[in-house]
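Residue-level listing of the chains:
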2 protein chains.
Amino acid sequence: MKIDVVKHVLDANDRIAMENRNLFDKTRTYVMNLMSSPGAGKTTLVEKTIEALRDKYAIAVIEGDVQSTCDADRIARLDIPVVQINTGGACHIDGSMVCEAFPSLDLEKTDLLIVENVGNLVCPAEFKVGENVKVMILSTPEGADKPSKYPLMFQESAVMIINKVDLIPHVDFDIEQARKDALVINKDLKIFEVSCKTSSGLSNWFQWLDDQIGSYKKSNQ
Amino acid sequence: MKIDVVKHVLDANDRIAMENRNLFDKTRTYVMNLMSSPGAGKTTLVEKTIEALRDKYAIAVIEGDVQSTCDADRIARLDIPVVQINTGGACHIDGSMVCEAFPSLDLEKTDLLIVENVGNLVCPAEFKVGENVKVMILSTPEGADKPSKYPLMFQESAVMIINKVDLIPHVDFDIEQARKDALVINKDLKIFEVSCKTSSGLSNWFQWLDDQIGSYKKSNQ
């Protein structure tokens, strides 16, 4: 008899993620699970998104890292509620880790909860946390072959943000190839081309996220 | 009673890695386990290293990827023996996966075996494969905070190759900070600063690897 440990783990995680989701619906909290390779620009995108939407929505952040509090410290400087999850050895955040952060958050007063995952293109895609949307960042120096090499990440995400477009003149990155390959894996993928450094393209992303939160709040009154 | 599944897995892996090591010593094969984030430049470094050392040593490559054969195809174009390991969902290569590649390799005729791991800064650092040396690449667009965020990778590796130094004028990367933080974690870490694109700094790396292979062959006659 083959005991499929991985599948059992994922089934258990799905149940916990659903319980998280039920709680988020009670508190009307829109949740984004943000994923990418290390150094693709997750924390900078979170900072810019907070700046853009903080006047309209109450925002909180869960920062996932193997170790360290670098990213949580950056968010705390913006005077935004932030909970650090240090996963120890684990290369991803799962539903129960997010659940453990709840006592440190005031979800009743949170419109948008951003969960910044551990930097990793593989396992984070497998573990739901109860989010409304999975968003992934592909940064141009990583190369355009990432959709074909890490397909689950592109399949599970609703949004791909192509970041660091300001570096395109200096790196080998075929943006049309990246778009095409990602859309073959997930034809409904919403794609934004941005530079978190120069802020180019970010307003489209802010508008889209604003619309999503608005629709969610409306449908969940 | 707490059953520590992860520890059991790692203990079992250590045993398999040691068996691999015994075989490599019999065939006098020097083995390098190459790790980094996705898109940091592993395959390009492998290509350049093959070009530099192929006249002196018989080289073979094991390519680890979740899916796809992009990287193995690149190596095969150099007319070098290459085995593709597709890990399925797994975010790292372990000892048994490397062991499974043996029937496809002629180790008796291999001086240098390069194992290119899955792009991931977390789990690959935990799993030995029977290598002589663990080498990790940090690329400048990822940022200088990676040693403090993924310390095990920098602790386990004997070598850190800082790649894409040609991009330093265009990215926020404090190379002295990266060096300093990595050396705090691992004071014996050997550091090379290179650009696989322009080939800057690569000759030092080739010379170091050449010396290591030479010493290994000498001490294992």
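Just so we're clear, the structure is a prediction, and the values are computed from it rather than from any experiment.

A. Geometry of the overall build of chain A. When helices and strands are tallied, chain A shows eight helices and seven strands. Radius of gyration (C-alpha) of chain A: 17 Å, near the 17 Å computed for a compact globule of 221 residues. Overall, chain A is about 55 × 45 × 35 Å in size when its C-alpha atoms are taken along their principal axes. Looking at the 221 residues of chain A, the share that counts as buried comes to 57%. Sequence-distant contacts in chain A: of pairs separated by 6 or more residues, those separated by 24 or more amount to 73%. Carbon and sulfur atoms provide 50% of the accessible area of chain A, an area that totals close to 9300 Å². Mean positive and mean negative side-chain charge positions of chain A (25 and 33 charges, respectively) differ by 3 Å.

B. Structural detail: the relation of the copies chain B and chain A. Of the transformation placing chain B onto chain A, the axial shift is 0.0 Å and the rotation is 180 degrees, giving an RMSD of 0.0 Å. On this basis, the relationship between the two copies can be described by a two-fold rotation axis. When you check the interface residues of chain B against chain A, 100% turn up at the interface there too, and the contact is symmetric in its surfaces.

C. Quick look at the pattern of salt bridges. With the rule as written, the count across this model stands at 23 salt bridges over all chains. Look at the salt bridges and you will find they share partners, linking Asp65(A), Asp71(A), Asp145(B), Lys146(B) and Lys149(B) into a network.

D. Molecular detail of the interface of chain B and chain A. Contact residues are listed per partner, giving 33 residues for chain B and 33 residues for chain A. Note on chain B versus chain A: buried area summed over both sides is about 2500 Å², and carbon and sulfur give 56% of it. Of all residues in chain B, the largest losses of buried area upon contact with chain A belong to Pro38(B), Lys149(B) and His170(B), amounting jointly to 23% of the total for that side. For Lys149(A), the salt bridge goes to Asp71(B), with nearest N and O atoms at 2.6 Å. Those elements that provide at least two residues to the side of chain B that touches chain A are helix 3 (70–76) and helix 5 (146–149) of chain B. Per-element accounting of the side of chain B that touches chain A gives the leading share, three residues, to helix 5 of chain B. Among the residues making up the side of chain B that touches chain A, the classes are represented as 14 nonpolar, nine polar and ten charged.

E. Representation of the sheet that holds strand 6 (residues 159–163) of chain B within the structure. Residue and element names in this part refer to chain B. Spatial ordering of the open sheet is given by 3-2-4-1-5-6-7, a layout of seven strands whose pairing is parallel. Pairing within the sheet leaves two strands with one partner each, and these edge strands are strand 3 (82–86) and strand 7 (190–193). The average undirected angle you get between the axes of adjacent strands in this sheet is 20 degrees. Judged from the five bridges that link them, strand 1 (residues 30–36) and strand 5 (residues 133–139) form a sheet pairing that is parallel. Counterpart to Ser36 in the pairing with strand 5 is Ile137. Each of strand 1, strand 4 (112–116), strand 5, strand 6 and strand 7 touches helix 8 (residues 202–219); the most contacted strand, strand 1, lies at about 145 degrees to it.

About the criteria used
- Residues numbered from 1 in each chain as written.
- Chains lettered and ligands numbered in written order.
- Predicted model: local features only at pLDDT ≥ 70, side-chain atom pairs only at ≥ 80, totals over all residues.
- Heavy atoms only, no water.
- Helix = DSSP H or I, 4+ residues; strand = E, 2+ residues; numbered from the N terminus.
- Rg over C-alpha atoms; globule rule 2.2 N^0.38 Å.
- Buried < 20%, exposed > 50% of the residue type's maximum accessible area, 1.4 Å probe, protein only.
- Contact = heavy atoms within 4.5 Å.
- Areas by Shrake-Rupley, 256 points an atom, 1.4 Å probe, with all protein chains shown as cover.
- Lys, Arg positive; Asp, Glu negative; His and termini not counted.
- Charge placed at Lys NZ, Arg CZ, Asp CG, Glu CD.
- Least-squares fit on C-alpha atoms with pLDDT ≥ 70 in both.
- Salt bridge = Lys/Arg side-chain N within 4 Å of Asp/Glu carboxyl O.
- Buried area = accessible area lost by both parts, 1.4 Å probe.
- Nonpolar A, V, L, I, M, F, W, Y, C, P; charged D, E, K, R; others polar.
- Pairing = 2+ DSSP bridges.
- Axes fitted to C-alpha atoms, helices over the stretch in contact; angles between N-to-C directions.

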